[in-house]
Amino acid sequence: MNLHEYQGKEILESFGVRIQRGIVAHNAKEAVDAAKQLTAETGTGWHVIKAQVHAGGRGKGGGVKLAKNLKEVEEIAGEIIGMNLITPQTSAEGKKVHQVLVAEDVYYPGDSETSEFYMSVLLNRATGRNMIMYSTEGGMDIEEVAEKTPHLIFNEEIDPATGLMPFQARKIAFNLGLSGTAFKEMTKFVTALYKAYSESDASMFEINPVLKTSDDKIMAVDAKVSIDDNALFRRKKYAEMRDLREENAIEVEARAVGLNYVDLDGNVGCMVNGAGLAMATMDLIKMAGGEPANFLDVGGTADAKRVEEAFRIILKDDGVKAILINIFGGIVRCDRVAQGVVDAYRNMGDAMKVPIIVRLQGTNAELAKEIIDKSGLAVHSAVQFQEAADKVKEVLK
Amino acid sequence: MSVLVNKDSKIIVQGFTGSEGTFHAEQMIEYGTQVVGGVTPGKGGQEHLGRPVFNTVAEAVEKVGADTSIIFVPPAFAADAIMEAANAGIKVIITITEGIPIADMVKAADYIKHRDCRLIGPNCPGVITPGEAKVGIMPGFVFKKGTVGIVSKSGTLTYEAADQVVRQGLGITTAIGIGGDPIIGTTTKDAVELLINDPETEAVVMIGEIGGQLEADAAKWYKASGSKKPIIGFIAGETAPAGRTMGHAGAIVGGSDDTAQAKKKIMREHGIHVVDSPAEIGLKVKEVMGK
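Residues numbered from 1 in each chain as written. Chains lettered and ligands numbered in written order. Predicted model: local features only at pLDDT ≥ 70, side-chain atom pairs only at ≥ 80, totals over all residues. Heavy atoms only, no water.

## Some points on the side chain of T187 of chain A
Among the secondary structure elements, T187 of chain A is positioned in helix α6 (residues 180-199). By relative accessible area, T187 of chain A is classed as buried at 16%. (Helix = DSSP H or I, 4+ residues; strand = E, 2+ residues; numbered from the N terminus. Buried < 20%, exposed > 50% of the residue type's maximum accessible area, 1.4 Å probe, protein only.)

In structure tokens, the structure reads:
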């Protein structure tokens, strides 16, 4: 589950990580009030107005701007809130901005130069351990850094038995070229950051940039935080942070009825049991000349109620011209699934407006085909995987 | 021969008396699997499905000589169950549970690394050696005995592949469902290695999906091994968009090297017979083995 910058920062701060301070605003007036309050609390003269959407590259799309006085705060906040922010990571339509973070200016001049670093904490799948990935090249697209100057990216792997050790925090601070106060501040920052990661059930932290201020403080200026979906049951406070406006509306509905659904752009909807078979079915649709309209895993209990729910979810996408049901019945018997499909189809009435191809294989597959064929409904049946692909080709003609 | 489980495996079920555990233990017993008991803390001393229930895995090892465990414990407690099995001396730990928090698995994976055991899964359908032992949730009848080994991250896609292989008049030595999570105990390479080294296995079907580097690692190991046994491969998720989790927690394209296209390319470069269509796995096995 992804969080907004302001929510991520809230979590970091609760574990003692220094952050660039800010206050969320939902309209221009709130933004001005936030700016005044922030000036009173931090002494900041200028303010940074940052769009809060789940997408990177916000600056490039005009979603992050500096305001040098309250009038500019009002103007810029008014401009950003409500806009469709288009960044390299959003779709062409962009993402609607519902709120901004009014943040303190942390690039103030002082005794030393400011510098920016990159830091993320994530799972290294190859070793099954967490690692801190960091670089002297902060504030830039890390994938670009990895491609052009891979020697400037460092990894520090954490032993699960000990957690992050002080020598590792020191190594990171040294590798980032710091000394004196900034060095000490960085070891504190890294230590707190890893504590936050391991105690919040996060699946990813990306802090870009980590800033060394002109008075040698180390702080998170941005925060991209994801929480492990599998751990939300024990992180209720974070689960409540979910912003459904940032997610696909059909996917939100599907989740509410317990269906694992991912919305795609194609013309053939699909309903499959099992994630691997579901992906394979999407691939087969493509090979048959169609484009998958979704990923949908109905799981083990494909009864009439569940099939009907899945039908309704799939049909919310207007682009769907046909639906392919692919169930490998093992412990669940195919004849039961077939009856479920027939009942669901009948219950749908006029709402069912596209051809259906049902491929049932496994226990009682032939009996299932008979049930479908005798139902008198406009449902094409198949037993072999290839047969199903051929039928998809046929109905798309 | 076979790998991991056979007719002599002494199997216990962790989460024995729960609904999932009960249902699948019944199916396993019906298949002829040697289920010697189960563990449900607090229910020790009772009998369930005609088998003894123990409070701890250690007790099951001591009293009935269990050497293999299958775990149906709910996600919040599953990592603990894995570590308990490892600590008690269980050699093969098969974890069916889906949805274990990553942080828990980081700990469990590290814990078992230092012990003499093998973890399969989590989030997997289990392992079956046809005619001998079904230690999982797969439909047993699909898997006829034969000479083809199967390694797969997915459940139903494994059944699909096995069914296609059987329809070609062939059969299965052992099918290993390794699971679709980001952290799993037995990797694609580990499972392929077991099967390639099994004298009875003449060919291996390797089914992967988007995300991670497991298939590439297996392909590299295979070529370096110099083995003459053919591997037939398929990768699911060519049409999956980047950055989205497709059902399995580990099935997510993170960069350019963990797409289906990239994996298939590296597999082909390392001598694996890759099919693009999931409907052609069986045909390809037949074709390659007939040569």
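## Things to note about the nonpolar core
I70, I94, F143 and M246 of chain B are the most contacted members of the largest nonpolar core, which totals 92 residues. Per-element accounting of this core gives the leading share, 8 residues, to helix α9 (residues 275-287) of chain A. When residues no more than four places from it in sequence are discounted, the contact partners of M246 of chain B are V262, A275, M279, M282 and F295 of chain A together with I210, A240, P241 and A251 of chain B. (Core = buried A, V, L, I, M, F, W, Y, C linked by side-chain atoms within 4.5 Å. Contact = heavy atoms within 4.5 Å.)

## What to know about the domain arrangement of chain B
Residues and elements named next belong to chain B. Assigned domains of chain B: these are domain 1 (11-120) and domain 2 (138-289). Summarising the inter-unit geometry, the C-alpha centres of domain 1 and domain 2 are found 26 Å apart. Taken together, the contacts link 9 residues of domain 1 with 11 residues of domain 2. Across the interface of domain 1 and domain 2, roughly 820 Å² is buried in total on both sides, 60% from carbon and sulfur atoms. Linking domain 1 with domain 2 are 0 salt bridges. Applying the counting criterion to the domain 1 and domain 2 interface returns 2 residue pairs in polar contact (both at pLDDT 80 or more). Elements represented by at least two residues in the side of domain 1 that touches domain 2 include exactly α4 (102-113) and β7 (118-120). The dominant element in the side of domain 1 that touches domain 2, judged by the number of residues it contributes, is α4, at 4 residues. (Domains from an automatic or database assignment. Buried area = accessible area lost by both parts, 1.4 Å probe. Salt bridge = Lys/Arg side-chain N within 4 Å of Asp/Glu carboxyl O. Polar contact = N/O pair within 3.5 Å; in protein donor to acceptor, adjacent residues only side chain to side chain.)

## Things to note about the pattern of salt bridges
A complete count under the given rule lists 48 salt bridges over all chains for this structure. D201 of chain A is the salt-bridge partner of R234 of chain A, the closest N and O atoms lying 2.8 Å from each other. Of this pair, R234 of chain A sits in the loop between β12 (224-227) and α7 (236-239) while D201 of chain A sits in the loop between α6 and β10 (202-212), and the two are 33 residues apart along the sequence. In this structure R234 of chain A comes out as partly exposed when scored by relative accessible area, which is 32%. Under the relative-accessibility criterion, D201 of chain A is labelled buried at 3%. Across the pair K7 of chain B and D8 of chain B runs a salt bridge whose closest N-O atoms are separated by 4.0 Å.

## Section: α6 of chain A
Residues and elements named next belong to chain A. With 20 residues, α6 ought to run about 28 Å at 1.5 Å a step, and its terminal C-alpha atoms sit 29 Å apart, in line with that. Burial in α6 covers these residues: A182, F183, E185, M186, T187, F189, V190, A192, L193, Y194, A196 and Y197. Among the structural elements, α1 (5-14), β7 (115-124), β8 (129-135), α5 (166-175), β10 and β11 (218-220) are those in contact with the buried residues of α6. At the exit of α6 stands D201, carrying a positive phi of roughly 60°. (Expected span 1.5 Å × (residues − 1).)

## Brief notes about the layout of surface pockets
If you add up the space inside the second largest pocket, you get close to 1,200 Å³. Lining the second largest pocket are 43 residues, and of these G299, G300 and T301 of chain A together with E20 and I137 of chain B lie nearest its centre. Secondary-structure elements contributing two or more residues to the lining of the second largest pocket are α9 and α11 (334-348) of chain A together with α1 (19-31) and α5 (156-167) of chain B. With 3 residues, the single largest contributor to the lining of the second largest pocket is α1 of chain B. Of the residues that constitute the lining of the second largest pocket, the class distribution is 18 nonpolar, 17 polar and 8 charged. (1 Å grid on protein atoms, 1.4 Å probe; cavity = no way out; pocket = protein on both sides within 12 Å on 5 of 7 lines; lining within 4 Å. Points joined across faces, edges and corners; volume = space filled by probe spheres on them. Nonpolar A, V, L, I, M, F, W, Y, C, P; charged D, E, K, R; others polar.)

## Section: the packing of aromatic side chains
Enumeration over the complete set of coordinates arrives at 6 aromatic pairs over all chains. Taking 5.2 Å as the distance between ring centres and 20° as the angle between the ring planes, the aromatic pair formed by Y134 of chain A and F154 of chain A counts as stacked. On the criterion of sequence distance, the pair formed by Y134 of chain A in strand β8 and F154 of chain A in strand β9 (residues 153-157) is long-range, its members being 20 residues apart. The exposure class assigned to Y134 of chain A is buried, which follows from its relative accessible area of 0%. Measuring from centroid to centroid gives 5.4 Å for Y197 of chain A and F205 of chain A, while their planes differ by 85°, and the two rings are edge-to-face. Grouping residues by exposure puts Y197 of chain A and F205 of chain A together as buried. An aromatic cluster is defined as three or more aromatic residues linked by ring pairs; in this entry it consists of Y194, Y197 and F205 of chain A. Above the face of the W46 of chain A ring, K68 of chain A is positioned so that its terminal group lies 4.8 Å from the ring centre. Positioned above the aromatic ring of Y111 of chain B is the side chain of R115 of chain B, whose terminal nitrogen or guanidinium carbon lies 3.7 Å from the ring centre. (Phe/Tyr/Trp six-rings, centres within 6.5 Å; stacked < 30°, edge-to-face > 60°. Lys NZ or Arg CZ within 6 Å of the ring centre and 35° of its normal.)

## Looking at the UniProt feature "binding site: ATP" (unreviewed entry) in chain A
Residues and elements named next belong to chain A. The feature "binding site: ATP" (unreviewed entry), as given by UniProt, occupies K50, G57, R58, G59, V106 and E116 in the numbering adopted here. Relative to the helices and strands, G57 is located in the loop between β2 (47-51) and β3 (64-67). G57 gets classed as partly exposed once you look at its relative accessible area, which sits at 31%. Once residues within four sequence positions are removed from consideration, G57 is found in contact with T87, P88 and Q89. In this structure, G59 sits in the loop between β2 and β3. On the accessibility criterion, G59 (46% relative accessible area) is partly exposed. (UniProt positions renumbered as here; feature names shortened; annotations may be inferred.)

## Topic: empty space enclosed by the protein
Enumeration over the complete set of coordinates arrives at 2 cavities of 30 Å³ or more. The space that makes up the largest cavity amounts to roughly 50 Å³. For the largest cavity, the full set of lining residues is N230 of chain A together with I100, I102, M105, D181, P182, I183 and A249 of chain B. Grouping the amino acids of the lining of the largest cavity by side-chain chemistry returns 6 nonpolar, 1 polar and 1 charged. Two domains each provide a minimum of three residues to the lining of the largest cavity, namely domain 1 (11-120) and domain 2 (138-289) of chain B. Looking at the second largest cavity, its volume works out to about 40 Å³. If you trace the second largest cavity, you find it lined by P125, G126, I128, M138, F143, T158, Y159, A175, I176 and G177 of chain B. Breaking the lining of the second largest cavity down by element, the ones donating at least two residues are β8 (126-129), α5 and β11 (172-177) of chain B. The dominant element in the lining of the second largest cavity, judged by the number of residues it contributes, is β11 of chain B, at 3 residues.

## Overview of the sheet that holds strand β6 (residues 100-104) of chain A
Residue and element names in this part refer to chain A. Pairing within the open sheet is antiparallel, and its 4 strands lie in the order β1-β6-β2-β3. Every other strand in the sheet has two partners, leaving β1 (22-25) and β3 as the edge strands with one partner each. Averaged over all neighbouring strand pairs, the angle between strand axes comes to 25°, with direction disregarded. Both β1 and β6 contribute to a ladder of 4 bridges, which runs antiparallel. For I23, the partnering residue across the bridge sits in β6 and is V102. Contacting β2, β3 and β6, helix α3 (residues 70-80) crosses the sheet at an angle of about 165° to β3. (Pairing = 2+ DSSP bridges. Axes fitted to C-alpha atoms, helices over the stretch in contact; angles between N-to-C directions.)

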